[in-house]
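Each chain, written out:
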Amino acid sequence: MKVIGLTGGTGSGKSVVSKSLAAAGAVIIDADKIAHEIILKGEPAYMEIIEYYGTGILDDEKNIIRKKLGEIVFNDKEKLAFLNQCTHKYITAEVKRQIAAAKEEGKAAAIIVDAPLLLEAGLEKVCDLVWVVYAEPEVRAQRVMARDGITYELAKARIANQKSWEEYRQAADAVIDNSKDLEHLEGQLAEILKTL
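What counts and how
Residues numbered from 1 in each chain as written. Predicted model: local features only at pLDDT ≥ 70, side-chain atom pairs only at ≥ 80, totals over all residues. Heavy atoms only, no water. Helix = DSSP H or I, 4+ residues; strand = E, 2+ residues; numbered from the N terminus. Rg over C-alpha atoms; globule rule 2.2 N^0.38 Å. Buried < 20%, exposed > 50% of the residue type's maximum accessible area, 1.4 Å probe, protein only. Contact = heavy atoms within 4.5 Å. Areas by Shrake-Rupley, 256 points an atom, 1.4 Å probe, with all protein chains shown as cover. Pairing = 2+ DSSP bridges. Axes fitted to C-alpha atoms, helices over the stretch in contact; angles between N-to-C directions. pLDDT = per-residue confidence, 0-100.

Moving on to the overall build of the chain. In terms of regular secondary structure, the chain is built from nine helices and five strands. Reading the chain from its N end, one meets helices and strands in the order β-α-β-α-α-α-α-β-β-α-α-α-β-α. Here the C-alpha atoms of the chain give a radius of gyration of 17 Å, agreeing with the 16 Å that 2.2 N^0.38 yields for 196 residues. Judged by the C-alpha coordinates and their principal axes, the chain covers about 50 × 45 × 30 Å. Evaluated residue by residue, the chain yields a buried proportion of 39% over its 196 residues. For the chain, restricting intrachain contacts to residue pairs at least 6 apart in sequence, the fraction spanning at least 24 positions comes to 70%. Accessible area of the chain: about 10,800 Å², with a carbon and sulfur share of 52%.

Put into structure tokens, the structure is as follows:
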């Protein structure tokens, strides 16, 4: 059973690809979901984050306000680097645990590690293949604006803040073009799944 790392820039449409692969019988390991869970109260990254960023990021129930944390790290490379270093080790451990569980169950067509920061977290090392979702920059900007309710300038800034397409392409064993409609996408996925 192959483990496939699925990544791509913001607005490329990874979640749509993920859903299609799940419908085709793949197990999806959602690294974003894990990232949200490990910063909850009582979870491994929680204390490390508070010790570094202070209690100003907490709500009245002492939960981390992700939006506040995001505002801090979005404008400070050093603070972002700490957050990544802190969370990536826990995310990797949980991804490995879920891969082992899926392999033991042995029912899936493939195991997909859906991770926006697959390469940044070094998660490609636990994958047999890396699939990168591509969409044209304009398409991505429009999707990010619609999804996050932000301006075109902000959407472009978020895209610019990520790896370049060239960096993604170099890491890719396969590229999935998600610039067009769902039919076009599913045709490609059907072809790629045949290679497994």
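A few words now on the pairing of strand 1 (residues 3–7). Along strand 1, five of the five residues are buried, which leaves the element largely enclosed by surrounding structure. Alternating positions in strand 1 separate into two faces, Val3, Gly5 and Thr7 on one and Ile4 and Leu6 on the other, with burial throughout. As defined by bridge partners, strand 1 adjoins strand 3 (residues 111–114) across four bridges and the pair is classed as parallel. Considered in strand 3, the bridge of valine 3 is made with isoleucine 111. By the bridge criterion, four bridges tie strand 1 to strand 4 (residues 129–134) in an arrangement that is parallel. Along strand 4, the bridge assignment pairs glycine 5 with valine 130.

This part takes up unusual backbone geometry. Although it is not a glycine, lysine 62 sits at a positive phi angle of roughly 70 degrees. Summarising the element assignment, lysine 62 is placed in the loop between helix 3 (44–53) and helix 4 (66–74).

A few words on the sheet that holds strand 4. Strand order in this open sheet of five strands is 2-3-1-4-5, and the pairing throughout is parallel. If you trace the sheet from one side to the other, it starts and ends with strand 2 (27–30) and strand 5 (174–177), each paired once. In this sheet, adjacent strand axes meet at a mean angle of 25 degrees when their direction is disregarded. In the sheet, strand 2 pairs with strand 3 via four bridges, with the strands oriented parallel. Bridged to isoleucine 29 within strand 3 is valine 113.

On to the confidence of the model for the chain. Summing up the model confidence of the chain, the mean pLDDT is 92 and the portion of residues at 70 or higher is 100%. Strand 1 holds the highest mean pLDDT among the elements of the chain, 97, whereas helix 9 (residues 182–194) holds the lowest, 86.

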